Amino acid sequence: MRLPRGTILVVASHNPGKVREIKALLGPHGIEPVSAGEFGLPEPEETGATFAANAQLKARAAADGGHHPALADDSGLWVNALDGAPGIYSARWAGPTKDFSIAMARLEKELREKKAGDLSAKFVCALALAMPQGECRIFEGEVHGKLVFPPRGTQGFGYDPIFIADGESLTFGEMEPHRKHAMSHRARAFEKLLHSGAFAESL
Ligand code: IMP
């Protein structure tokens, strides 16, 4: 699978934070990213049991529905003391209003109730690149770190204000976006995608 310069690539996400980050990561590679929302494509239900399965489901639906290659991201926060929660349910913990202060407060409450001393966590990202009616490839990335409460910073999205990557002192919510982009789970999954040779002009 090789996408020549100028290829229209559907970014199969309706999450504006993710679409922004994916467009920034794709920018230098001569690909024309268009979000699934701009194409009027519906959002499929995430019925998979893993990040990879959900990414594949979203990429396949967008590629087949939009007749262009599609890239989907399924990602989330994995908290060790909570046996991997919220995991694939990371978005759903924010409820119908997508309010992540609710999700972060729930995390803090569950950790307190468990009297968890271990605040280690990781962000995980699975990227799926699907061709219309064709091949689908998966690339995964992780960034390890720990949680801090209360939330700090207004950059980024989702759980960024409570996550500090190993070796850093600022949360992803306090960090300049370009610094987060250099080390995030999404950036690491992207590196694998780029090294796969999927974008013909990027190597
Ligand atoms: P989904 O992949 O659309 O199911 O949603 C993933 C959810 O995981 C997002 O809505 C965020 O809550 C969380 N998440 C994924 N990546 C990040 C990130 O880079 N920063 C903060 N939260 C993230």
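In this report, we go over the structure that sits alongside the text. Sequence positions are assigned chain by chain, starting from 1 and proceeding in written order. Per-residue local features are limited, in this predicted model, to residues with pLDDT of at least 70; the limit for side-chain atom pairs, both in listing and counting, is 80 or more; totals at the level of whole chains, interfaces and linings are taken over all residues. The side-chain quantities take in all heavy atoms of the structure and omit both hydrogens and water.

Moving on, we get to the site of the ligand. Near, as used in this document, describes a residue that has one of its heavy atoms within 4 Å of the molecule or strand being considered. The ligand sits among 19 residues. The nearest are K18, S75, F100, D160 and K180. In protein, a polar contact requires one atom able to donate a hydrogen and another able to accept it; more generally it is a pair of N or O atoms within 3.5 Å, and residues adjacent in sequence count only if both atoms are side-chain atoms. Measuring from an oxygen atom of the ligand, one finds a side-chain N or O atom of E46 at 3.1 Å. Between the ligand and H185 there is a distance of 3.1 Å, counted from a nitrogen atom to a side-chain nitrogen or oxygen. Basically, the charged four are Asp, Glu, Lys and Arg, the nonpolar ten are Ala, Val, Leu, Ile, Met, Phe, Trp, Tyr, Cys and Pro, and anything else, Gly included, counts as polar. Considered class by class, the residues forming the shell around the ligand number five nonpolar, six polar and eight charged.

So, on to helix α2 (residues 51–66). Each turn of an α-helix holds 3.6 residues, which means side chains three or four residues apart point in the same direction. Here a strand is any run of E in DSSP of at least two residues, a helix any run of H or I of at least four, and the numbering for each starts at the N terminus. An expected span of 1.5 Å times one less than the residue number is assigned to each helix. Helix length check: α2, at 16 residues, gives a terminal C-alpha distance of 22 Å against a target of 22 Å (1.5 Å per residue), a fit within 8%. Relative accessibility thresholds used throughout: buried, under 20% of the residue-type maximum; exposed, over 50%; partly exposed, between the two (1.4 Å probe, protein chains only). Along α2, the residues classified as buried are F51, N54, A55, K58, A59, A62, A63 and G66. For α2, the angular spread of buried residues about the axis comes to 155 degrees, placing them on one side. Contact criterion: two residues are considered in contact whenever any of their non-hydrogen atoms come within 4.5 Å of each other. Buried residues along α2 sit against β1 (8–11), α1 (16–26), β3 (70–79) and β4 (120–130). Taken from the residues just after α2, H67 is the one with a positive phi, measuring 60 degrees. Taken from the helix axis, the directions to the C-beta atoms give the arc we talk about.

Let's shift gears to the pattern of salt bridges. In what follows, salt bridge is the name for a side-chain nitrogen of Lys or Arg lying within 4 Å of a carboxyl oxygen of Asp or Glu. Counted according to the given criterion, the structure contains 12 salt bridges. In this structure, D73 and R186 form a salt bridge, with 2.5 Å as the shortest nitrogen-oxygen distance. Here R186 lies in helix α5 (residues 185–195) and D73 lies in strand β3, a separation of 113 residues in the sequence. With a relative accessible area of 0%, D73 lands in the buried category. The partner of R106 in a salt bridge is E110, with the nearest N and O atoms 3.0 Å apart.

Examined against the element boundaries, D99 turns out to sit in the loop between β3 and α3 (100–113). Given the relative accessible area of 30%, D99 is considered partly exposed. Linking D99 and G158, residues 59 residues apart in sequence, is a C-alpha distance of 8.4 Å.

Among buried residues, those of type Ala, Val, Leu, Ile, Met, Phe, Trp, Tyr and Cys that are joined through side-chain atoms within 4.5 Å constitute a nonpolar core. Ranked by size, the top nonpolar core spans 21 residues in total, and within it L77, V79, L107, L147, Y159, F163 and F172 carry the most contacts. Contributing elements (two or more residues each) for this core: β3, α3, β4, β5 (136–147) and β6 (163–165). Here this core takes four residues from α3, the largest share from any one element. Ignoring sequence-local partners within four residues, the contact set of L107 consists of L77, V79, L82, P86, W93, L147, F149, Y159 and I162. L26, I31, L194 and F199 belong to the second-largest nonpolar core, a separate cluster that totals 19 residues.

Let us now look at unusual backbone geometry. Residue P86 follows A85 across a cis peptide bond; omega there is -5 degrees. Turning to its location among the elements, P86 is positioned in the loop between β3 and α3. A cis geometry characterises the amide bond from F149 onward to P150, with omega recorded as 0 degrees. Here P150 shows up in the loop between β5 and β6. The phi dihedral of H67 is positive, around 60 degrees, even though this residue is not glycine. Tracing the sequence through the fold places H67 in the loop between α2 and β3. According to the relative accessible area criterion, H67 is exposed, its value standing at 61%.

Keep in mind these values describe shape, not function.
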